[in-house]
Amino acid sequence: MSETPVTTERVGRIGLVAIDNPPVNAASHAVRAGIASAIDALAADDGVDAIALYGVGRTFIAGADIREFGKPPQSPGLTQVCSHIEACAKPVVALIHGTTLGGGLEIALGCHARVALPGTQVGFPEVTLGLIPGAGGTQRAPRLTGIKAALDLITSGKRIDADAALTLGLIDRLGEGPPREAAIKAGEDIVSGALPHRRTGELGVAPDEAALDAKTAEIARKQPNLFAPVRCVEAVAASARLPIADGIALERTLFEACLESPQRAGLVHAFFAERAVAKIPEASATPRPVERIGVIGGGTMGSGIATAFLLAGYSVTMVERDADGLARGQATVEKNLAGAVKRGKLSEARLADINAGAFSGATTVDALAEADLIIEAAFEDMAVKQDLFSQLDKAAKKGAILATNTSYLDVDAIAAITSRPADVIGLHFFSPAHVMRLLEVVVADKTAADVVATGFAVARKLGKVAVRAGVCEGFIGNRILSHYRKAAEYLVMDGASPAEVDRALEDFGFAMGPHAVFDLAGLDIAWAARKRLAATRPAEERYAAYADKLCEAGQFGRKTGRGFYLYGEDVDGRPQNPEALAFIEAEREKAGITPRTFSAEEIVQRYLTAMIAEAARVVEDGTALRPIDVDAVLLFGYGFPRFRGGPLFLADTIGAARLVRRMEDYAQEDPFYWQVPPLLRTLAEEDRTFASLNG
Ligand code: 3H9
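Residues numbered from 1 in each chain as written. Predicted model: local features only at pLDDT ≥ 70, side-chain atom pairs only at ≥ 80, totals over all residues. Heavy atoms only, no water.

(A) Fine view of the overall build of the chain. Within the chain, the secondary structure is distributed over 28 helices and 17 strands. Each principal axis of the C-alpha distribution contributes one length, and for the chain these read about 85 × 60 × 55 Å. By the burial criterion, 56% of the 695 residues in the chain qualify as buried. Counting only contacts in the chain whose residues sit at least 6 apart along the sequence, the fraction spanning at least 24 positions is 73%. Only carbon and sulfur atoms are counted for the fraction: they give 54% of the accessible area of the chain, which is about 28,600 Å². (Helix = DSSP H or I, 4+ residues; strand = E, 2+ residues; numbered from the N terminus. Buried < 20%, exposed > 50% of the residue type's maximum accessible area, 1.4 Å probe, protein only. Contact = heavy atoms within 4.5 Å. Areas by Shrake-Rupley, 256 points an atom, 1.4 Å probe, with all protein chains shown as cover.)

In structure tokens, the structure reads:
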């Protein structure tokens, strides 16, 4: 990197502007100021006929510098820089490559022509950060693509490739070669007239009220909780109604409203959470090479895990107890893969590879002798798992990583059964494993650093968000879930219906309320865990037995057609299961409870306060490295609404002192459940935040 992130040079009669701000050339203050003065200098240089901008390194500008949001703005702003480029008397061309996103694309749109290298991706990810494009993107993109295409891009945040951008008119041409050379060529073509140029802001926009109405209706239906998407539509609408300067002024007002919104803060936190979790103590260890995967178990989890690895290009051998089980498991994988082809997630060519041998099956673990990584996803029972791991200890090659997908069990006890505990780790996938992004990497006492690093490297290749977790009952996610699940049960015992609890949390932003999720996951799973732990359940703990009764009646949720709700082809909507309500009623009576009503606000408060309490304990005892790791687990594995940032981010917005008071208040009814975590009390006393522990 040069000392200043923006440098100029003259090649013939072309003025080149190089942007060099690793890793992604974000448009920080220094970059903005550098571009503005580079344009001024080259515009004043009589030896220059055309100016070309390009990015050094892996990408053109990947957007505004997200770290500057929420801090005092520094002039020149990106909006001014884009307008400044557009106003330049000499033609300015952008040579773009890599991920030209958000403010980076807006700078390119401010230029008078755009050339993209093959492989370039463009897009407006602002909406995923709770923002709208704020540097003219909502005004200039429709001038090039029309209202409808601009709306789709800006409200979805999706990236498109260079070919699609060319078809839409966002770019003018594809270039070739290294960025600097391609930029020189683009400049020369501008001078020779081979590449036409114009000011985007001087183009007109055809009105398209139908597209605006359709998008407004779609957002109301699909994203009723979100602030930014509606603002995106308002801004794009202005492009056809107002002159560009007025449109940009309106865009600015809407952008600032988004910038101030708590949703923006939550979404930016989620963006950084996804990246922060990779910062682990084992990060410097070299991952072991992994190509061949063994998966033990062909049930929902095993098949999902096998699918995830096949989709990512690994070869997989699935092991089941017998031929029937194996056939069922393989059929599930085939169904998953067919679904992936349909959704465009898997190419026909890769499917042909998989069918030609990348996926095989066996009925003994001996078939895994050559596997680099073996993931056990068998029945959730310690004896079963220990038996399998002692077989693996004999069958697996030296250096193979032996992983368990257990959701709750003690990974140290599983490792201890082998002669190579340093090679044993927990890789806890979430169902459906080929879809859910979270992977808990559970580090046991003796797990080697390079085995942990391998877990993270593999997760990256699978496109998953890996979070490091310590060993305890349920690790990070399920341990917190086991706790807040009780808050939902107590709400129901005390008078709320499962549907009321679900509605309140869905209105808060969860895609599905907890009872709908329990039904989907299968009520028998938590039932088995409750039975296993019954002997150790503290006498002071309140116990809601209605879910056990439902399970005893063979009603396990969606898979049996009945759970908290009723399911079936002839069932409309989400009717509550009258039998579940009867079991609840009977348990209330048995406990002598007179049901009371709960407002949606109280439901949400109790549920989230319970979640925050256990989340704080998970940080306090070191099961999670940092608060932001807990946020990532809940965001990527448990449907926590991304725009709320995660439970401990939310906790900071409520304040530790207020949370302590709330817990003490609830503790008057149930002092055992509502114990204040010492860490939360300390933060309250010291007036500190969870964020201060993120390091
Ligand atoms: C915007 O532009 C608003 C404007 O419309 C209006 C303004 C007025 N800023 O993801 P990676 C860091 S909104 C600061 O691992 P990859 C990232 O945190 C912005 N930092 O790499 C990480 O740091 P660390 C619109 C950023 O190759 C490191 O760079 N733009 C930014 O997997 C590497 O990142 C976006 O939303 C940034 N803009 O993926 C694009 N971007 O090493 C956001 C990255 O400390 N960025 N960092 O963990 C991305 O989507 C991906 O980073 C990208 C590269 C695809 C570019």
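From this point, the discussion proceeds with the structure in view.
(B) Here's a closer look at empty space enclosed by the protein. Per the stated rule, a full pass over the model turns up 3 cavities of 30 Å³ or more. In this structure, the largest cavity spans a volume of roughly 80 Å³. A487, Y490, L491, D494, R542, F598, R606, E669, D670 and W674 are the residues that line the largest cavity. For the lining of the largest cavity, the leading source of residues is helix α18 (residues 477-494), giving 4 residues. Classifying every residue of the lining of the largest cavity gives 5 nonpolar, no polar and 5 charged. Surrounding the second largest cavity, L373, I401, I425, L427, V451, T454, G455 and V458 form its lining. When residues of the lining of the second largest cavity are traced back to their parent elements, those giving at least two are β15 (424-429) and α17 (449-462). With 4 residues, α17 is the largest single contributor of residues to the lining of the second largest cavity. Among the residues forming the lining of the second largest cavity, the class breakdown is 6 nonpolar, 2 polar and no charged. (1 Å grid on protein atoms, 1.4 Å probe; cavity = no way out; pocket = protein on both sides within 12 Å on 5 of 7 lines; lining within 4 Å. Points joined across faces, edges and corners; volume = space filled by probe spheres on them. Nonpolar A, V, L, I, M, F, W, Y, C, P; charged D, E, K, R; others polar.)

(C) Looking closely at the site of the ligand. Around the ligand lies a shell of 29 residues, among which R58, E106, E126, R275 and K279 are the nearest. Separating an oxygen atom of the ligand from a side-chain N or O atom of R58 is a distance of 2.4 Å. A64 is positioned such that a nitrogen or oxygen atom in its backbone is 2.8 Å from a nitrogen atom of the ligand. Burial of the ligand by the protein amounts to 78% of the accessible area it has alone, namely 1,000 Å². Mapped by element, the contributors of at least two residues to the shell around the ligand are β5 (99-101), α3 (103-110), α10 (244-260) and α11 (262-276). (Near = heavy atom within 4 Å. Polar contact = N/O pair within 3.5 Å; in protein donor to acceptor, adjacent residues only side chain to side chain.)

(D) Examining the packing of helix α19 (residues 498-508) against helix α20 (residues 514-521) more closely. Orientation of α19 relative to α20, taken along the N-to-C sense of each, is 105°, at an axis distance of 7 Å. In this view, α19 runs roughly perpendicular relative to α20, as classed from their interaxial angle. Packed against α19, whose contacting residues are P498, V501, D502 and L505, the element α20 presents P514, H515 and A516 at the interface. Of the residues in the contact of α19 with α20, the class split is 5 nonpolar, 1 polar and 1 charged. (Axes fitted to C-alpha atoms, helices over the stretch in contact; angles between N-to-C directions. Parallel < 35°, antiparallel > 145°, perpendicular 65-115°, else oblique.)

(E) Quick look at helix α15 (residues 382-395). For α15, with 14 residues, the first-to-last C-alpha span of 20 Å sits near the 20 Å given by 1.5 Å per residue. Among all positions in α15, only K385, L388, F389, L392, D393 and A395 are buried. Buried residues of α15 fall within an arc of 170° about the axis and therefore sit on the same side. The exposed residues of α15 that point more than 90 degrees off its buried face are A383 and K394. Those residues of α15 that are buried are in contact with β10 (292-296), β13 (373-376), β14 (401-404), α16 (411-416) and β15. For α15, the capping residue at the N-terminal end is D381, with a side-chain oxygen 2.9 Å from the backbone nitrogen of A383. (Expected span 1.5 Å × (residues − 1). Arc of directions from axis to C-beta.)

(F) Layout of the layout of surface pockets. Approximately 750 Å³ is the volume attributed to the second largest pocket. Lining the second largest pocket are 26 residues; nearest its centre among them are S482, H483, K486, L533 and E541. For the lining of the second largest pocket, the secondary structure elements donating two or more residues are α18, α21 (523-533) and α24 (600-620). A per-element tally of the lining of the second largest pocket places α18 first, with 8 residues. Within the lining of the second largest pocket, the residues separate by chemical class into 11 nonpolar, 4 polar and 11 charged.

(G) Structural view of the pattern of salt bridges. If you walk through the whole model with that rule in mind, you get 46 salt bridges. Linking R32 and E68 is a salt bridge whose minimum nitrogen-to-oxygen distance equals 2.9 Å. Of the two residues, R32 is situated in helix α1 (residues 29-43) and E68 in the loop between β3 (50-55) and α2 (78-87); the sequence distance between them amounts to 36 residues. Taking relative accessible area as the criterion, E68 reaches 24% and is therefore assigned partly exposed. (Salt bridge = Lys/Arg side-chain N within 4 Å of Asp/Glu carboxyl O.)

(H) Quick peek at the sheet that holds strand β2 (residues 14-19). Pairing within the open sheet is mixed, and its 6 strands lie in the order β1-β2-β3-β4-β6-β9. Strand pairing shows two members of the sheet lacking a second neighbour, β1 (6-11) and β9 (173-174), which therefore form its edges. (Pairing = 2+ DSSP bridges.)

(I) Broad picture of the side chain of S28. Take S28: it is sitting in the loop between β2 and α1. Once you skip the residues sitting within four places of it in the chain, S28 turns out to touch N21, D65 and E68.

(J) Molecular detail of the packing of helix α5 (residues 147-156) against helix α8 (residues 209-222). The contact between α5 and α8 brings their axes to 9 Å, and the two run at 25°. By the angle between their directions, the pair α5 and α8 is classed as roughly parallel. Crossing of α5 against α8: the hand is right-handed. Along the contact surface, α5 presents I147, K148, L151, D152 and T155, while α8 presents A211, L212, K215 and I219. (Left-handed = near helix turned anticlockwise from the far one by under 90°.)

(K) Fine view of the sheet that holds strand β7 (residues 121-123). Taken in spatial order, the 3 strands line up as β5-β7-β8 in an open sheet, and their pairing is mixed. Where the open sheet ends on each side, the last strands, each with one partner, are β5 and β8 (159-161). Between one strand and the next, the sheet's axes are offset by a mean angle of 25°, whatever the strand orientation. Two strands pair when backbone bridges link them, and β7 and β8 are joined in this way by 3 bridges, in the antiparallel orientation.

(L) Unusual backbone geometry, seen in detail. Here the residue pair P22 and P23 is connected by a cis peptide bond, since its omega of 5° sits within 30 degrees of zero. Here P23 is to be found in the loop between β2 and α1. Residue S75 is joined to P76 through a cis peptide bond whose omega torsion reads 0°. When you line up the elements, P76 lands in the loop between β3 and α2. A positive phi is found at F475, a non-glycine position, where the angle reads about 55°. For F475, the position within the fold is in the loop between β17 (465-470) and α18. Assessed through its relative accessible area of 0%, F475 is described here as buried.

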